[in-house]
Structure formats: structure tokens, C-alpha cells
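# Commentary on secondary and tertiary structure
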Amino acid sequence: MSAHDLAIDVLIGAAVAGELLCCVGLVVMRDVYDRLHYAMAATAVPPFLIAAAVVVEEDWTQPGINAFLIAVALFVVGPVIAHATARVVRTRRA
Amino acid sequence: MNVWLWGATALLAGMLPCGWLAVRASRVDALVGLQVAGTLSTLALVLLAEGFHRSSYMGVAVASVFASFVGILLIARFMGRHV
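Residues numbered from 1 in each chain as written. Chains lettered and ligands numbered in written order. Predicted model: local features only at pLDDT ≥ 70, side-chain atom pairs only at ≥ 80, totals over all residues.

## Side note on the overall build of chain A
- The helix and strand inventory of chain A stands at 4 helices and 0 strands.
- Of the regular secondary structure in chain A, the N- to C-terminal order runs α-α-α-α.
- By its C-alpha atoms, chain A is 55 × 25 × 10 Å across when sized along the principal axes.
- Buried positions account for 43% of the 94 residues belonging to chain A.
- In chain A, of all internal contacts separated by at least 6 residues, the share reaching a separation of at least 24 is 58%. (Helix = DSSP H or I, 4+ residues; strand = E, 2+ residues; numbered from the N terminus. Buried ≥ 20, exposed ≤ 12 C-beta atoms within 10 Å, placed from the backbone. Contact = placed C-beta atoms within 7 Å.)

## A word on the overall build of chain B
- A tally of helices and strands in chain B yields 4 helices and 0 strands.
- Start at the N end of chain B and walk to the C end: the helices and strands fall as α-α-α-α.
- For chain B, the spread of C-alpha atoms along the principal axes amounts to about 45 × 25 × 10 Å.
- Out of the 83 residues in chain B, the part that is buried amounts to 46%.

## Some details on the nonpolar core
- Membership of the largest hydrophobic core comes to 55 residues, with the highest contact counts inside it found for I12(A), I50(A), I70(A), V36(B), V46(B) and L47(B).
- Sequence-distant contacts of V36(B), that is, excluding residues within four places in its chain, are made with C22(A), C23(A), L26(A), A39(A), A42(A) and C18(B). (Core = buried A, V, L, I, M, F, W, Y, C linked by C-beta atoms within 7 Å.)

## Regarding unusual backbone geometry
- A positive phi angle, close to 65°, is found at D59(A), a residue other than glycine.
- Examined against the element boundaries, D59(A) turns out to sit in the loop between α3 (46-58) and α4 (62-93).
- In this structure D59(A) comes out as exposed when scored by C-beta crowding, with 10 C-beta atoms within 10 Å.
- Positive phi, close to 55°, is recorded for H53(B), a residue that is not glycine.
- Tracing the sequence through the fold places H53(B) in the loop between α3 (27-51) and α4 (58-81).
- With 12 C-beta atoms counted inside 10 Å, the residue H53(B) sits in the exposed group.

## Quick look at the interface of chain A and chain B
- Taken residue by residue, the interface counts 39 residues in chain A and 36 residues in chain B.
- Those elements giving two or more residues to the side of chain A that touches chain B turn out to be α1 (3-28), α2 (32-41), α3 and α4 of chain A.
- For the side of chain A that touches chain B, the residue count by class is 28 nonpolar, 5 polar and 6 charged. (Nonpolar A, V, L, I, M, F, W, Y, C, P; charged D, E, K, R; others polar.)

## Structural notes on helix α1 (residues 3-13) of chain B
- Considered for burial, the residues of α1(B) that qualify are V3(B), W4(B), G7(B), A8(B) and L11(B). Angularly, the buried residues of α1(B) cover 140° about the axis, an arc narrow enough to put them on a single face.
- In this structure, the buried side of α1(B) is in contact with α1 of chain A together with α3 of chain B. (Arc of directions from axis to C-beta.)

## Things to note about the environment of L11(B)
- Residue position: L11(B) is located in helix α1.
- The class for L11(B) is buried, based on 27 C-beta atoms found within 10 Å.
- Contacts of L11(B), omitting those with residues within four sequence positions, involve V16(A), E19(A), L40(B), L43(B), A44(B) and L47(B).

So, in C-alpha cells, the structure goes:
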């Protein structure tokens, strides 16, 4: 196994582990705000790890740029969605 | 099967807890589960595109990000007013 393959394996493994950890957090937490915290963590780091794996594999070609664009988009829209959801919770609890 | 496809399979398996949340918890909790499911499906599409060596499939993942975003915002707004 080359360093190139190892880097891709590690990046994808870390990203998938991070996402699955967030899924476990969704089920384990009892309050919706805690669950929201895990939901937003899923959009923060793991998408960039997957984008990095794609860039390692493809370099800065169309797939690599698209993967990076997806990671940035998830990172940007995540807090907007969290805010909208928290607002719904606040409205329903008031 | 390569590492990309294994990763996509694991991410799709991660949708099971989201489905459990949608079925067993409150509606707002289900909305949070939907958010995570949207993230998981988008990243799984990226991994599938790379795993099948079809770079054009990456466009589906790009569209998925924004479709998921708009859909969740619409549902949240609806829930805040009516449900």
C-alpha cells in the first residue's frame, strides 16, 4: 500500500467515523439542542476530510473542486439551518 | 468494492439512527434527524461518484446540498407557523 492510498484510507476512515459519531450522538442525547449540536458537527469537519481525500486522489480537477465546494456549502448552510431549527424549538416552547 | 464504496455504505448505514429519530422522537427532533440524513446522503453521493470513477455524478451531490438546505428551511418555517 502506497502513502497515497494510505492517506485516502485515513481521510475517509476519519470522515466516516466522525459522521457515525454524530449519528450516535443524535440518538444518545435527550434534548433537541444537544441533538442540534451533533447535527451541526456533522457538517463541520467530516465533509472537509472527504474533500481532502478526493483532492488527494484527483488533484485540483473538476471532482476535487466540486468536493471542496460541497464541503464549503455544508459548512456555510449548517449554521443557517441550525438557527432556523432552534427558532422553531423556541417558538414551540414559548 | 474499494474504500470509497465502503465509506459510502457506512454513511448510508448512518441513516438508520436518523430514521429511528424520525419515527420515535418529536417532530422537531425528526427535523434534526432529517438534517443529518441530508448531510449523510450528500457525502455518500460524493463517495459513490468517486468510487465508480464517474466525476459527472458529483453534480448530483452539489445539487443535493442546496435541495436539502431549501427543503429543511421550508419545513422549519412551516413547523414554526402551523404544526
